[in-house]
Amino acid sequence: MAALAITQTVGYGTLYYAFAVFLVPVSATLHTSTTAVTGTFTASVLASAALAVPVGRWLDRRGGRALMTAGSLVGALLLVAWSHVHTLGQLYAVQVGLGAAGAASLYEAAFAVIIAWHSPDRRSSALLSLTVVAGFASTIFLPLTGWLVDQYSWRTALLILAAIQAVLTVPLHLLVVRAAPRRHDARTSTPPIPLRSVVTDPGFWLLGVSFTANTAAIAAVTVHLVAALISWGHPAPFAATVAGLFGILSVTGRLATTGLQRRYRTTSIVAAIFAVQAIAVAALPLAGRNAVAAIIAVTGFGLGFGVAAIAKPVLLADRYDTRRYATIAGILVVPITIAKATAPLAAAWLHATTHGYTSVFTATAAICLIAAASLIAVPRINPGHQRTPAHHEGAEDGGHD
């Protein structure tokens, strides 16, 4: 758990969050628009989506050691390659590769390892342990990357991030990640749940709609918040620091969610948090020009910033067969990752069309409400998918085995 906490913090910081800081200087160097460079980020996330199901099958059959080691190593090498790009086409190639590296080494792979290793009564706390630490990725790497770019250049900053990625992720994945112990219980004596039973379950697709909408909202805000705050008159260091609060706030939201799961249904808790996000992001265009009010609005949105990361694996593992967890999760990762890829680009188009960020954050609020409503509509677990009735009633209500 300690090793994965470190690798996920570093991996997300270098392969994902740092992009927002590089957006403007890379655009200037390549003599192109920020919209064009944002398109390379879209290509990166789409590449990750395309690999979600094959990666899930690999993880279910072979575990995460080789895949996560290779992904983290390729990620480091591609950061070096990024520091040498001179054309938009080269940047596209690098970003597609980074998307593949992320699919092999970031949260979805780490979650599959955790789900396989831990029994149901320890799963939530294990996921919380990982995501609490990794939740600080943006808090650490957004200011760090901004400082490196300011002190040196964006090319040198990428080389430094590549070194951090190589030293702190590759050895840990190689040396620490191992195959999960085999469990001998009633569940392992029966065949795995057919995937057809999963994809014909309405609850599965309601979960998909909810988490896809939430991901779209978070991706749009993550990429455009700094630029929005600057456009409202705030200095760039203030904007980057406020955006970095998402890491700390995600930890708060995850702690609250895990604690409340002992008393309430996971779906009800997370739906309420998504609704709070809708209110907060809708208020941002009205409050954004005042520093204190902007921080309050960002705080409200940030409380739900990382909740889906722990809710989705818990809900899927409790609802379906953990022996096929990575494959089942991979099916949902496809629309979720497409949303992550396209939402920032759609937000950029909406901003360019309306000449302001009010429409962007208003649309984001509506998406958050869709996420909340879909999660509330998820029916309780179908008895046909249960391990035992007692187990799943308790799991869905937030209890432990």
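All residue numbers refer to positions counted from 1 along the written sequence of the respective chain. Two thresholds apply to this predicted model, a pLDDT of at least 70 for residue-level local features and 80 or more for giving and counting side-chain atom pairs, whereas whole-chain, interface and lining totals are computed over all residues. Side-chain metrics rest on all non-hydrogen atoms present in the structure, leaving aside hydrogens and water.

A. Broad picture of the overall build of the protein chain. Tallying secondary structure elements over the protein chain gives 18 helices and zero strands in all. The globule rule is 2.2 Å times the number of residues to the power 0.38, and the radius of gyration it is compared with is taken over C-alpha atoms. Computed over its C-alpha atoms, the radius of gyration of the protein chain comes to 20 Å, within 12% of the 21 Å expected for a compact globule of 401 residues. When its C-alpha atoms are laid out on the principal axes, the protein chain stretches across 60 × 45 × 30 Å. With a 1.4 Å probe rolled over the protein chains alone, any residue whose accessible area is under 20% of its type maximum counts as buried; one over 50% counts as exposed, and the rest are partly exposed. Burial status across the protein chain gives 54% buried among its 401 residues. Throughout, a residue-residue contact means that at least one pair of heavy atoms, one from each residue, lies within 4.5 Å. Considering only contacts in the protein chain between residues 6 or more positions apart, those separated by 24 or more positions represent 83%. Split by element, the accessible area of the protein chain, about 15900 Å² in all, is 69% carbon and sulfur. The charged-residue count follows a simple rule in which Lys and Arg add positive charge and Asp and Glu add negative charge, with His and chain termini not counted at all. Here the site of a charge means NZ on Lys, CZ on Arg, CG on Asp, or CD on Glu. Of the charged side chains in the protein chain, 24 are positive and 12 negative; the average position of the first set lies 6 Å away from that of the second. Each helix is a run of DSSP H or I of at least 4 residues and each strand a run of E of at least 2, with the numbering of both proceeding from the N terminus. All accessible areas in this document rest on Shrake-Rupley with a 1.4 Å probe, and a residue is counted as covered only by the protein chains that are shown.

B. Focus on the nonpolar core. Think of a nonpolar core as a cluster: buried Ala, Val, Leu, Ile, Met, Phe, Trp, Tyr and Cys residues, connected wherever their side-chain atoms sit within 4.5 Å. Among the nonpolar cores identified, the biggest contains 118 residues, and Phe22, Trp82, Phe211, Phe301 and Leu316 are the most heavily contacted of them. Broken down by element, this core gets its largest block of residues, 14 residues, from helix α11 (residues 202-231). When near neighbours in sequence (up to four residues on either side) are disregarded, phenylalanine 211 contacts Phe274, Ala308, Ala311, Lys312, Leu315, Ile336 and Leu375.

C. Quick peek at the packing of helix α13 (residues 266-287) against helix α15 (residues 307-319). Geometry is summarised by axes, namely lines fitted to C-alpha atoms with helices restricted to the contacting stretch, and by angles between N-to-C directions that run from 0 to 180 degrees. Relative orientation of the contacting elements α13 and α15 amounts to 155°, with a least axis distance of 11 Å. Judged by the inter-axis angle, α13 sits roughly antiparallel to α15. For the pair α13 and α15, the sense of crossing is left-handed. Counted together, Thr266, Thr267, Val270, Ile273 and Phe274 of α13 and Val307, Ala308, Ala311 and Leu315 of α15 form the full contact between these two elements. Charged means Asp, Glu, Lys or Arg here, nonpolar means Ala, Val, Leu, Ile, Met, Phe, Trp, Tyr, Cys or Pro, and polar covers whatever is left, Gly included. Here the contact of α13 with α15 is built from residues that sort into seven nonpolar, two polar and no charged. To sort the angles, those under 35 degrees are grouped as roughly parallel, those over 145 as roughly antiparallel, those from 65 to 115 as roughly perpendicular, and the leftovers as oblique. By convention, the crossing between two helices is left-handed when the near helix turns anticlockwise from the far helix through less than a right angle, and right-handed when the turn is clockwise.

D. Representation of the pattern of salt bridges. Definition used for salt bridges: Asp or Glu carboxyl oxygen within 4 Å of a side-chain nitrogen of Lys or Arg. Inspection of the entire model under this criterion finds one salt bridge. Residue arginine 319 pairs with aspartate 201 through a salt bridge whose shortest N-O separation is 3.0 Å. One end of the pair, arginine 319, is in helix α15; the other, aspartate 201, is in the loop between α10 (195-199) and α11, and 118 residues separate them in sequence. Of the residues examined, arginine 319 reaches a relative accessible area of 3% and is grouped as buried. For aspartate 201, a relative accessible area of 6% gives the class buried.

E. Unusual backbone geometry, seen in detail. Phi at histidine 31 is positive, roughly 55°, even though this residue is not glycine. Along the chain, the position of histidine 31 falls in the loop between α1 (2-30) and α2 (34-50). Its identity is not glycine, yet histidine 355 carries a phi of approximately 60°, on the positive side. Here histidine 355 shows up in the loop between α16 (325-354) and α17 (358-376).

F. Broad picture of the packing of aromatic side chains. In this scheme Phe, Tyr and Trp rings, the latter by its six-membered ring, pair at centre separations within 6.5 Å, and the angle between planes marks the pair as stacked below 30 degrees, edge-to-face above 60, and tilted otherwise. Within this structure, the stated rule accounts for 17 aromatic pairs. For the ring pair phenylalanine 204 and tyrosine 320, a centre distance of 6.0 Å and an interplane angle of 75° mean the geometry is edge-to-face. Of this pair, phenylalanine 204 sits in helix α11 while tyrosine 320 sits in the loop between α15 and α16, placing them 116 residues apart in sequence. Tyrosine 320 shares its class with phenylalanine 204; the two are buried. Aromatic ring contacts, followed pair by pair, group Tyr12, Tyr16, Tyr17, Phe19, Phe22, Phe41, Trp82, Tyr107 and Phe111 into a single cluster. The ring of tyrosine 16 carries the charged tip of lysine 340 above its face, separated from the ring centre by 5.2 Å. We call a charge positioned over a ring when the NZ of a Lys or the CZ of an Arg lies within 6 Å of the ring centre and within 35 degrees of the ring normal.

G. Up close: the confidence of the model for the protein chain. The pLDDT score gives, residue by residue, the confidence of the prediction method on a 0 to 100 scale. The share of residues in the protein chain with pLDDT of 70 or more is 91%, and the mean pLDDT across the chain is 84. Low pLDDT, under 50, characterises residues 382-401; the predicted model gives this stretch 45 contacts beyond four residues in sequence or across chains.

H. Quick look at helix α3 (residues 52-62). Looking at α3, one finds that the buried residues are Ala52, Val55, Gly56 and Leu59. The arc that holds the buried residues of α3, viewed along the axis, is 105°, so those residues lie on one side. More than 90 degrees from the buried face of α3, the exposed residues found are Arg61 and Arg62. Against α2, α4 (65-82), α5 (88-105), α6 (107-117) and α16 lie the buried residues of α3. To obtain the arc, one takes the directions from the helix axis to the C-beta atoms.

I. A nonpolar patch on the surface, seen in detail. On the surface, Ile6, Val167 and Leu168 cluster together into a nonpolar patch covering about 250 Å² of accessible area. Within the secondary structure, isoleucine 6 sits in helix α1. Patches draw on residues past 30% relative accessible area with no salt bridge. Two like charges within 9 Å are joined, as are two nonpolar side chains (Val, Leu, Ile, Met, Phe, Trp, Tyr) within 5 Å.

J. Inspection of the side chain of threonine 9 at higher detail. When you line up the elements, threonine 9 lands in helix α1. According to the relative accessible area criterion, threonine 9 is buried, its value standing at 7%. Among the polar contacts made by the side chain of threonine 9, one reaches the main-chain carbonyl oxygen of valine 133 at a distance of 3.4 Å. Polar contact is defined as a pair of N or O atoms within 3.5 Å, subject to the rule that within protein one atom must be able to donate a hydrogen and the other to accept it, and that residues adjacent in sequence are counted only when both atoms are side-chain atoms. A polar atom in the side chain of threonine 9 sits 3.4 Å from the backbone nitrogen of alanine 134.

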